[in-house]
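# Inside the fold
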Amino acid sequence: MKIQLEDRGITIFESAIYRTCSAILEVDNNIFIVDPNTLPLEIEYVKSFIQKNYSAHKPYLLFTHADYDHIIGYGAFPHAEVIAGADLADLHDKNSVLNQIKSFDSMFYIKRNYPVLFPKVHHPILENEDKLIFGNTKILFYSAKGHVDNGIITVIPSQQLCITGDYLSNIEIPMVEYSFGEYLETLRLLGKIAEKYNISRFIIGHGDYISTQKEFKKRWEADIRYVSMFVSGLIEDSVCKRIISEKGFEEENHKIHQKNMDFYSIK
Ligand SMILES: [Zn+2]
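Reference entry: report on the structure contained in this document. Just so it is clear, the model here is predicted, and its values are computed rather than measured.

Parameters and conventions
- Residues numbered from 1 in each chain as written.
- Predicted model: local features only at pLDDT ≥ 70, side-chain atom pairs only at ≥ 80, totals over all residues.
- Axes fitted to C-alpha atoms, helices over the stretch in contact; angles between N-to-C directions.
- Helix = DSSP H or I, 4+ residues; strand = E, 2+ residues; numbered from the N terminus.
- Left-handed = near helix turned anticlockwise from the far one by under 90°.
- Contact = placed C-beta atoms within 7 Å.
- Nonpolar A, V, L, I, M, F, W, Y, C, P; charged D, E, K, R; others polar.
- Expected span 1.5 Å × (residues − 1).
- Buried ≥ 20, exposed ≤ 12 C-beta atoms within 10 Å, placed from the backbone.
- Arc of directions from axis to C-beta.
- Pairing = 2+ DSSP bridges.
- Right-handed = clockwise from strand over helix to strand, strands pointing away.
- Core = buried A, V, L, I, M, F, W, Y, C linked by C-beta atoms within 7 Å.
- Parallel < 35°, antiparallel > 145°, perpendicular 65-115°, else oblique.

Glancing now at the packing of helix H6 (residues 213-232) against helix H7 (residues 237-247). At their nearest, the axes of H6 and H7 sit 10 Å apart, and the two run at 145° to each other. Viewed along their axes, H6 and H7 form a crossing whose handedness is left-handed. Only Val239, Ile243 and Glu246 of H7 make contact with H6, whose side of the interface consists of Ala222, Arg225, Tyr226 and Met229. Taken together, the residues that form the contact of H6 with H7 break down as five nonpolar, no polar and two charged.

Structure follows, in structure tokens:
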């Protein structure tokens, strides 16, 4: 499995599918396993990495949001306590998420050696700037709506680290399935967090993690520009095309853009 980063207790893994990122963060005597995914061998790899390096640590699973590609590995870690947004815990239609996993697996004839289940949340994140303390380390959580209605942003100030979920990807334009206005608010919040905690690393959902302020600014400004057009109602085709071509994977990003347009037109 591709490892994007291994540095001082932070390991970022990248799936071959959608370039979805998993991460393991060491915090005192705990580890946080973020969105473990996607293929069975990749999840096995993450598990054996934990066995090899962190067998004495207490495991927590941290889910950034409830999309199927992010919760797909849940059943492989039955001993981990789960941290996720209260909106994920209370999600109305859990079965439809599980059905997406089942249809993904059946499309590719994938068998898993663990049960496919929806996460049972031990530590629901209730409001903005909710926090949990682990040993000497404070972890902050913010609700992050827009892409979907159940996302959270996680900040570890002492490590200058932020986990965004599906925000700030370098390969995917903003995928807005809940609210353009709230997506914009979440991006603005990320700007404030970046500044307030002097964030030096952002772990994102798909593509490459962010390690410089320049890269953060580039992605942040492009995504703000894109989503603002929908909020203001002035959607410029040429700007959309430019942003799509900068992200690459143009065929797929055009499809996402079309879905955003469809969602916009029914709002
Ligand atoms: Zn995703």
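The first and last C-alpha atoms of H6 sit 27 Å apart over 20 residues, in line with the 28 Å expected at 1.5 Å per residue. The complete set of buried residues in H6 reads Phe216, Arg219, Trp220, Asp223, Tyr226, Val227 and Phe230. Axial view of H6: buried residues confined to an arc of 135°, hence all on one face. Counted as exposed and oriented over 90 degrees from the buried face of H6: Lys214, Glu221 and Ser232.

For the rest of this paragraph, the subject is the pairing of strand E2 (residues 10-14). The side chains of a regular strand alternate, first on one face of the sheet and then on the other. Most of E2 is tucked away, with four of its five residues classed as buried. Summarising the sheet, strand E1 (residues 2-7) and E2 pair through five bridges and their orientation is antiparallel. Residue pairing across strands places Leu5 opposite Ile12, the latter belonging to E2. Once E1 ends, the chain turns through two residues before running back antiparallel as E2, passing Arg8 with a positive phi of about 40°. Sheet topology note: the E2/strand E3 (residues 21-27) ladder contains five bridges and is antiparallel. Bridge assignment links Glu14 to a residue of E3, and that residue is Cys21. A loop of six residues connects E2 with E3, the two strands running antiparallel in sequence, and Tyr18 in this loop sits at a positive phi of about 55°.

The next point concerns the environment of Gly85. One can find Gly85 in strand E6 (residues 81-85). Looking at Gly85, the number of C-beta atoms within 10 Å reads 29, which means it is buried. Separated by 68 residues in the primary sequence, Gly85 and Ile153 place their C-alpha atoms 9.3 Å from one another. Once residues lying within four places of it in the same chain are set aside, the contact partners of Gly85 are Pro124, Ile125, Ser143, Asn150, Gly151 and Ile152.

Counting buried residues in strand E4 (residues 30-34) gives four out of five residues, a clear majority hidden from the surface. A loop of two residues connects E3 with E4, the two strands running antiparallel in sequence, and Asp28 in this loop sits at a positive phi of about 50°. Note that E4 and strand E5 (residues 58-62) share five bridges and pair parallel. Residue pairing across strands places Val34 opposite Leu62, the latter belonging to E5. Running through helix H1 (residues 40-53), the crossover from E4 to the neighbouring parallel element E5 is right-handed.

Before going further, it helps to spend a moment on the sheet that holds E1. The strand order across the open sheet built from seven strands is E1-E2-E3-E4-E5-E6-E7, with neighbouring strands paired in mixed fashion. Both edges of this open sheet fall to E1 and strand E7 (123-125), since each of them pairs with a single strand only. Here the average twist between neighbouring strands, direction ignored, is 15°. Where E3 lies against E4, five bridges are found, and the strand directions are antiparallel. From the neighbouring strand, Leu25 faces E4, where its bridge partner is Phe32.

This part covers the nonpolar core. Counting 67 residues, the largest nonpolar core has Ile33, Leu61, Phe202 and Ile203 as its most contacted members. The leading source of residues in this core is helix H5 (residues 180-196), at six residues. Once residues within four sequence positions are removed from consideration, Leu61 is found in contact with Ile33, Tyr74, Phe77, Ala80, Val82, Ile83 and Pro119.

What follows concerns the packing of H5 against H6. Direction vectors running N to C along H5 and H6 enclose 155°, while the axes themselves pass 9 Å from each other. As the angle between them shows, H5 and H6 are arranged roughly antiparallel. By crossing handedness, the relation of H5 to H6 is classed as left-handed. Judged by residue contacts, Phe180, Gly181, Tyr183, Leu184, Leu187, Leu190, Gly191 and Ala194 of H5 engage Phe216, Trp220, Asp223, Ile224, Val227, Ser228, Phe230 and Val231 from H6. Residues that form the contact of H5 with H6 fall into these classes: 12 nonpolar, three polar and one charged.

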